[in-house]
Amino acid sequence: MTGHDTDTERTFAALPPAQGRGFAQTWWGQAWLRALEDAALDSGQVKTGRRLARAGAVGAVSVRAGRITAVVLDRDRTAHRADVLLAELSAEQWDRFLDLAVERSGHVAALLDREMPTHLVEDAASAGIDLLPGLGDLEPECDCGAWDHCGHTAALCYQMARLVDQDPFVLLLMRGRGEQSVLDALQARTAAPAEEAPAPEGVDAAEAYAAGDILPPLPAPPVPPHPPGLPPTLDTEVPPAPGVDPVALRHLAARTAVEAQRLLTEALRPHSDQRAAAGAELTAAQDAVRLAVDAPDEVVTGRLAEGSGRDPHSLALATRAWELGGAAALAVLEEEWAPDEEGEIHARARAALHSAWDEDERPTLRAVGNRWTVADAPVQIRLGRDGRWWPYRRELGRWVPAGPAALDPATALASAGSASAASRR
């Protein structure tokens, strides 16, 4: 495709006719064409240029700083020299652009892959550096005498869109820097030696040991972040790889951030036992419920329900339980067990039920396993294996969690009754 190249000028051989295809497939190539089509005063000349370019009437294209040039043949085979000018970036603008390019590692990699990162263009525009041409930026010159875009300069712009589409460094050359110059400057910035770090402050080990009794206490642990951090955006404008669901991946990253924030909060709590805070490793069915919290759509929820062996309604109940108390609340929802009548758990539960109410206020409770249901009322309390009591209420024929756990059955039953009354209003 290239006739001869230097770092200050590149010449591209004439491209074959563009029958049956668009001139620009990438977003930056389409932005180049919009700068022509939105600014041309005569849309008929733009259409003529498009027909000429599509028919292969544009000869070799020379690209250099601030200008592109080509010979364009009319339909009667008359040759015209067409030029299109674009302002170069100043030295200060180039320095700022190169600094922006190395701020994110993905920018340089994308340029090397012959892609123009959207975030780089947006960041540059925010800094007053317009990489892509805007309205009126493509200035035409043609020996046919037209003072605005004619069919010849329009044809050159359409052909240029195909070149920019394939290699965004062509656009950077028009703005004043060749590919090798840009790459050398980027490498110089990424390979710059880091400033020598100052020597760490401290005291001699022997002195510190001798003064161990008078050293000040350690500083308080840092405050954990709130709310959890946001995962990086996946809006790269690049189609996902086969088998990758961006919605599900974004939700997984968000839930991971929530779990990391919870673990950090537990670890920074005074006198925290980090092993206890971490708890037992979740099963796949439990982890599916954790991930279903704040699921973005029914597709993700359906996949989690199927993967955990639940129907969507059961997963919704499990998610509500998880939000109230994590894995412990989920176990109370889904597990029914009978405390050993001779065991310590049964004895503590019986004592708690006996002392929770005065004799004339005690409700009539029917016990099944670890569940006590109030006679003639749609409320229930359940005993967890950790000795806490969980309130439940009956909705549409199913028992659903009604609130967080309480240390005594009376408090749990009161919250279940409040929730049941609120649901009837």
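## As for the pattern of salt bridges
So, step 1. Applying the stated criterion across every chain yields a total of 18 salt bridges.
So, step 2. A salt bridge links Glu-359 to Arg-362; the shortest N-O distance between them is 3.0 Å.
So, step 3. The exposure class of Glu-359 is exposed, given its relative accessible area of 61%.
So, step 4. Each of Arg-10, Arg-114, Asp-167 and Glu-179 takes part in salt bridges that share partners, so that together they form one network.

## Brief notes about the environment of Leu-132
So, step 1. You can see Leu-132 is positioned in the loop between helix H5 (118-126) and strand S6 (139-142).
So, step 2. Here the alpha-carbon distance between Leu-132 and Ala-35, two residues 97 residues apart in the chain, equals 8.6 Å.
So, step 3. Not counting residues within four places of it along the chain, the set of residues in contact with Leu-132 comprises Trp-27, Trp-28, Ala-31, Val-121, Leu-171 and Arg-175.

## Quick word on the packing of aromatic side chains
Two aromatic rings are characterised by how far apart their centres lie and by the angle between their planes.
So, step 1. Under the definition given, this model contains 4 aromatic pairs.
So, step 2. Between Phe-23 and Tyr-158, the aromatic rings sit 5.0 Å apart at their centres with planes inclined by 55°, giving tilted as the arrangement. Placement of Phe-23 in the loop between strand S2 (9-12) and helix H1 (27-37) and of Tyr-158 in helix H6 (residues 151-166) is noted, with a sequence separation of 135 residues between them.
So, step 3. On the accessibility criterion, Tyr-158 (1% relative accessible area) is buried.

## Description of the pairing of strand S11 (residues 398-401)
So, step 1. Two strands pair when backbone bridges link them, and strand S10 (residues 389-395) and S11 are joined in this way by 4 bridges, in the antiparallel orientation. Looking at the pairing, Arg-393 lines up with Val-400 of S11.
So, step 2. Between the antiparallel neighbours S10 and S11 lie 2 residues, among them Leu-396 with a positive phi of about 50°.

## Here we look at the confidence of the model for the protein
So, step 1. With 87% of its residues at a pLDDT of 70 or more, the protein has an overall mean of 82.
So, step 2. Below pLDDT 50 for its whole length, residues 274-278 participates in 6 contacts with residues either more than four positions away or in separate chains.

## Here's the deal with the nonpolar core
So, step 1. Within the largest apolar cluster, 59 residues are counted, with the highest numbers of intra-cluster contacts made by Trp-32, Val-63, Ile-68, Phe-97, Leu-131, Leu-138 and Met-160.
So, step 2. With 9 residues, H6 is the largest single contributor of residues to this core.
So, step 3. The residues touching Ile-68, leaving out its near neighbours within four places in the chain, are Trp-32, Ser-62, Val-63, Ala-82, Asp-83, Val-84, Leu-156, Met-160 and Met-174.
So, step 4. In this structure, Leu-291, Ala-321, Trp-399 and Val-400 belong to the second largest nonpolar core, which totals 21 residues.

## Things to note about H6
So, step 1. Along its 16 residues, H6 runs 23 Å from first to last C-alpha, staying within 8% of the 22 Å computed at 1.5 Å per residue.
So, step 2. Counting buried positions along H6 yields 15 of 16 residues, so the element is predominantly enclosed.

## Considering the side chain of Asp-83
So, step 1. Its place among the elements puts Asp-83 in strand S5 (residues 79-85).
So, step 2. A distance of 2.5 Å separates the side chain of Asp-83 from the side chain of Thr-69, its partner in a polar contact.
So, step 3. In this structure the side chain of Asp-83 is engaged in a polar contact, spanning 2.8 Å, whose partner is the side chain of Arg-81.
So, step 4. Ignoring sequence-local partners within four residues, the contact set of Asp-83 consists of Arg-64, Arg-67, Ile-68, Thr-69, Glu-139, Pro-140, Glu-141, Thr-153 and Leu-156.

Cut-offs and rules
Residues numbered from 1 in each chain as written. Predicted model: local features only at pLDDT ≥ 70, side-chain atom pairs only at ≥ 80, totals over all residues. Heavy atoms only, no water. Salt bridge = Lys/Arg side-chain N within 4 Å of Asp/Glu carboxyl O. Buried < 20%, exposed > 50% of the residue type's maximum accessible area, 1.4 Å probe, protein only. Helix = DSSP H or I, 4+ residues; strand = E, 2+ residues; numbered from the N terminus. Contact = heavy atoms within 4.5 Å. Phe/Tyr/Trp six-rings, centres within 6.5 Å; stacked < 30°, edge-to-face > 60°. Pairing = 2+ DSSP bridges. pLDDT = per-residue confidence, 0-100. Core = buried A, V, L, I, M, F, W, Y, C linked by side-chain atoms within 4.5 Å. Expected span 1.5 Å × (residues − 1). Polar contact = N/O pair within 3.5 Å; in protein donor to acceptor, adjacent residues only side chain to side chain.

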